[in-house]
Amino acid sequence: NPILEAFGNAKTLRNDNSSRFGKFIELGFNRAGILQGAKVQTYLLEKVRIGFHASGERNYHIFYQLLRGATEEQHHKYCFHDGLTGGLELANYFHLTGQGGAPTLREFTDEEGLKYTLKSMRSMGWDEGKIDMVLSIVAGILHLGQVKFESKMSDGGQEVAQIADEKTVADAAKLLGVDLEKLTTALTVRIMVTRGDEIRIDLAPDKAQDARDALAKTVYGALFLWVVKEVNNCIMWENDKDIRSSAGVLDIFGFESFAINSFEQLCINFTNEALQQQFNKFIFKLEQEEYDRENISWAFISFPDNQDCLDTIISRPKGILTMLDDECKLGQRGSDRNWVKRLNDTYLPERNQEVSDNTRYSATKMQQVKGIFCVRHFAGNVAYTAETSFLEKNRDEIPLTAQTLFEEDSSDLIKEIYNIQLSASEDTSASAKSGPAKSKTVSQQFKAQLTSLIEMIETTDPHYIRCLKPNDAAKPKLMTRKRLTEQLRYGGVLEAVRVARMGYPVRMDHGGFFKRYRMLLPSIGEDRLPWSAEDQDPQQLSEKLLDIVLEEGAKPTIYENEDGTISRANQIRKAQRQPEEMVFPKQDVQLGKTKIFMRKGPHDKLESHRVFHQNASVTLIQSWMRMMQQNRRYLITEDAALTVQRWYRGCLGRARWWRLREAQAGQLLTNNFRMQLKRRKYNKARAGTVRLQAQYRGRMARKVIAATTIQSYYRMHVQSKAFRKLKSAINSLQCRVRQ
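Residues numbered from 1 in each chain as written. Predicted model: local features only at pLDDT ≥ 70, side-chain atom pairs only at ≥ 80, totals over all residues. Heavy atoms only, no water.

Participant: What is the right way to read the overall build of the chain from this model?
Facilitator: Counting secondary structure elements, the chain contains 27 helices and 15 strands. By the compact-globule yardstick of 27 Å for 739 residues, the chain is too spread out, its C-alpha radius of gyration being 54 Å. Taken across its 739 residues, the chain has 39% of its residues classed as buried. Taking all contacts inside the chain whose residues are at least 6 apart in sequence as the whole, residues at least 24 apart take part in 67%. (Helix = DSSP H or I, 4+ residues; strand = E, 2+ residues; numbered from the N terminus. Rg over C-alpha atoms; globule rule 2.2 N^0.38 Å. Buried < 20%, exposed > 50% of the residue type's maximum accessible area, 1.4 Å probe, protein only. Contact = heavy atoms within 4.5 Å.)

Put into C-alpha cells, the structure is as follows:
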C-alpha cells in the first residue's frame, strides 16, 4: 500500500525502502471464492526514528515527499519558508529530516512519491479536507522538531528551558491543531500527580528537547495508527459472517544485531524467536506426517526447540520482558541500571558466573559493569545495552501535559488519533476491567499481538518465503558472501537445515535410488542384481541393492583378477584417492512405501562412492576420448602434412616452370629487341636511301623538265616566229590582192 509505505517506510543504509514496522495483510473470500476485502494489522512502528536517524539514512518517506513535492501554495500553507533556510534545501534544513544528510532515493523521486501517495489517498475515498489535515499534522511534526530551547534561571536558582523562537512553536501549534499555550507547557513543563496533588516541574533545556522528541513520536505514532485504521475502513469487508476463507501475507521485521542493540531489537528478535519456533514445529509436523505416511520409524528423532530462549525473554516471573514490566511499575524508582542488575542477579547468581544455567543469558564482568547483557538466539549471540532507555521505550507513556494538550482545545483529527492511540495502549484484560483503565507497556502490547498472530498462523496452512539481498550497494551481478550468510542465518534458513538434518533429510523414490546407486557395484553380475529396473519391482530392487552394498562394503577392496591381471578401469580406481568405507547402520536408511529415507552419514558415503566410480569412469572415458582425439589429430596432421607437401612440391614445380617461362620470355624479348634495333637501323638506312633516291630522281626529273621547258619554249618561239612571218606575209598578200 503506497500510503503505508509513505508513513511506515524509510531509507536505511542497506535498503532504500525499508519497512520499519511489521504488518499482516489478510484477504477475505466468501463461499464462492470472491474477494470481499482486506485488513491490515501492524506491529511495533520504529518511532525512535522520528527523533534520530543515522548518517546516510532517512526519516519516514512522507516527510521528504511533502518537503520536496509540495506546491508553492502548500509551501505557504504549511509555513515552509525557503528564504529562512540559509541556502539549504528544506529537507536538510529541518532537524527531523536533515540528520542523515537527506539523501535521495535511487528508484524514484520524492516528488513522484508524493503524487503517488496523494493519488492513493484519493482512491481510498479521502476528501481533500482530510488529506490536507493529515499533511498539516505531518508539517506540524516537522515544525515541532525545529523548536529550540534556551536556558534561563528560575526564581529558585535552577536552570530551566525557555522557547527560543515563539514563531516556530506557533506554526507547529497551528498545523497540529492544538492550543499554543498548552503546547508550550507540554514542551517545558512536566506534571506529576502525587496523592491527588498536581506538581509542576520546569524542565531543563536537555530534558525539554527529550520532551519535544517524545511528543513528536507520540503524535506520529498516533497518526500512523489512525492512517492504518482509515485504510482498513476503506478496504475491509463489511460483514465477518460472509468470510469463509482467508489468505494472509505476513511481512515481519527480520533478525537484527547491531553494534548497539536496544529495546526495539529485543522485541524484533523475540518475534523472530517465536516465529522460528512455530516454523520448527511446522517442519516437524510435516516431517511427522510424511514419516507416518511412509511407515517410517521416527520416534528416536529429536528436533531442536528454542522454548528455553522464549522462556528467558517472557516467562513469569523471571523473563527479561516480564522483569522490565515490573521495573516500569516502580515509577521514578525504576531505572535501566536497576533492571539489568536484577537480570544479572537472577540469571547469574553465582560469583564469577558469566553464563546462565540454560546458556541463553550471559554477561561478562566488563559487560555487567557497562550494563550490557547477551541473549543467545537461534541466529547467534546478541549483546543488548540496557542504558539505551529500555524503561522509557517500554512505558511509552503519554505525559499528562500532552494528554491535556490532546484532550482539550485541539482539532477533531488530533482528538481522534489520540483516542486511537489511547485505546491501543489501554489494558483490556479481565483483571483490569474491575478498576480504572491502565496503560499497557509496549512489551505487553507486543506480546499480546504476537500471541494472537502465532495462534492465527497455527490455524492456517503456512508457506515461507525467504528474500535474500545479494549486496548492500544495490548493484547487479554482485554477490557478497558474508551478507548472504548473515541473511541465511538471521532468516532461520540455516536453522531449518539443521532441523531437517536431525531426521532423514535425503529422500528418493525407489526407482531413482536404484538408478543412481546401481553403479556402485560394477563387479556384481546381471544374474545377481540387474542393471535395469524395467519389469522389476523398484522397492525390492532397492532393498536388494542396499543389502549388497552393505555386504560388499564390509569386504576389503581387491582390484586384481584371479590371474593377477588388472583391467584399465581398476587401474584407474586403484590410482585414485579411496573413499570412506561403505559401512553404516542399516536403520539409517529406511525404506518407505514410495521413497527411501536416508540420514546424512549414509547419503554422504553413498555419494562419495558414486563420485569415486564416476571419476573412474570419467577418467576411463576421458582416456579413450583423448586417444581418439590424438588419433584424429594425428590423422588430420598427417593429411595436412601431405597436403602441405603436395602444395610445396607444386609450388616448386610452378616456380621452376615460371623460371623457364621467364627465360623463354627473356629470350623472346631479347630477339624482339634486337629485331627492333635492326629494323630501326634498316628503316633509318632505307629512309635515307629513299630520300637520296628521291633527291636524285627529283634533280634528274627537274633537269628533264627544265630541258623540256626550254625545248618547248624554243619550239614555241620558232613556231611563233614562223606564224608571225606567215601571218605578215598573208596580210601583205591580202592587202595586195585587195588593192
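Participant: Before we go on, may I ask you to explain the pairing of strand 6 (residues 159–163) in this structure?
Facilitator: The side chains of a regular strand alternate between the sheet's two faces. Pairing geometry for strand 5 (residues 149–153) and strand 6, over 5 bridges, is antiparallel. Bridging across to strand 6, Glu 150 finds its partner in Gln 162. (Pairing = 2+ DSSP bridges.)

Participant: Hey, could you run me through a nonpolar patch on the surface in this one?
Facilitator: On the surface, Ile 621, Trp 624, Met 625, Met 627 and Met 628 cluster together into a nonpolar patch covering about 540 Å² of accessible area. One can find Ile 621 in helix 27 (residues 600–738). (Patch = residues over 30% accessible without salt bridge, like charges linked within 9 Å, V, L, I, M, F, W, Y side chains within 5 Å. Areas by Shrake-Rupley, 256 points an atom, 1.4 Å probe, with all protein chains shown as cover. Salt bridge = Lys/Arg side-chain N within 4 Å of Asp/Glu carboxyl O.)

Participant: Could you clarify how one ought to interpret the environment of Gly 334 in this entry?
Facilitator: Its location among the elements puts Gly 334 in the loop between helix 14 (320–329) and helix 15 (336–347). Its relative accessible area of 14% is what places Gly 334 among the buried residues. When the C-alpha positions of Gly 334 and Tyr 714 are compared, they lie 176 Å apart, and in sequence the two are 380 residues distant. Look past the residues within four positions of Gly 334 in its chain and what remains in contact with it is Glu 327, Leu 391 and Arg 395.

Participant: Teacher, can you tell me more about the sheet that holds strand 9 (residues 245–251) here?
Facilitator: Backbone hydrogen bonds hold the strands of a sheet together, and the pairing may be parallel or antiparallel. Spatially, 4-3-9 is the arrangement adopted by the 3 strands of the open sheet, whose pairing is antiparallel. Edge positions in the sheet fall to strand 4 (35–43) and strand 9, since each has one partner strand and no second. Averaged over neighbouring strand pairs, the angle between their axes works out to 15° when direction is ignored. In the sheet, strand 3 (residues 22–29) pairs with strand 4 via 8 bridges, with the strands oriented antiparallel. Along strand 4, the bridge assignment pairs Gly 28 with Gly 37. (Axes fitted to C-alpha atoms, helices over the stretch in contact; angles between N-to-C directions.)

Participant: Quick question: what am I supposed to make of the pattern of salt bridges here?
Facilitator: Side chains carrying opposite charge are able to pair once their charged atoms draw close together. Taken as a whole and assessed by the stated rule, the structure comprises 35 salt bridges. A salt bridge links Glu 290 to Lys 595; its shortest N-O distance comes to 2.9 Å. With Glu 290 in helix 12 (residues 263–294) and Lys 595 in strand 15 (residues 595–598), the pair connects residues that are 305 residues apart, well separated along the chain. Each of Arg 20, Glu 46, Arg 49, Glu 57 and Glu 256 takes part in one network of salt bridges that share partners.

Participant: Looking at this structure, I do not really get the sheet that holds strand 15. What am I missing?
Facilitator: Read from one edge to the other, the open sheet built from 3 strands follows the order 13-15-14, with strand pairing classed as antiparallel. Each edge of the sheet is formed by a strand with only one pairing partner; in this case those strands are strand 13 (506–509) and strand 14 (589–591). Shown here is a sheet whose adjacent strand axes are inclined to one another by a mean of 20°, direction ignored. For strand 14 and strand 15, the ladder comprises 3 bridges, and the chain directions are antiparallel. The residue bridging Gln 590 from the neighbouring strand is Phe 597, located in strand 15. In the packing of helix 12 onto the sheet, the strands contacted are strand 13 and strand 15, and the crossing angle to strand 15 comes to about 125°.

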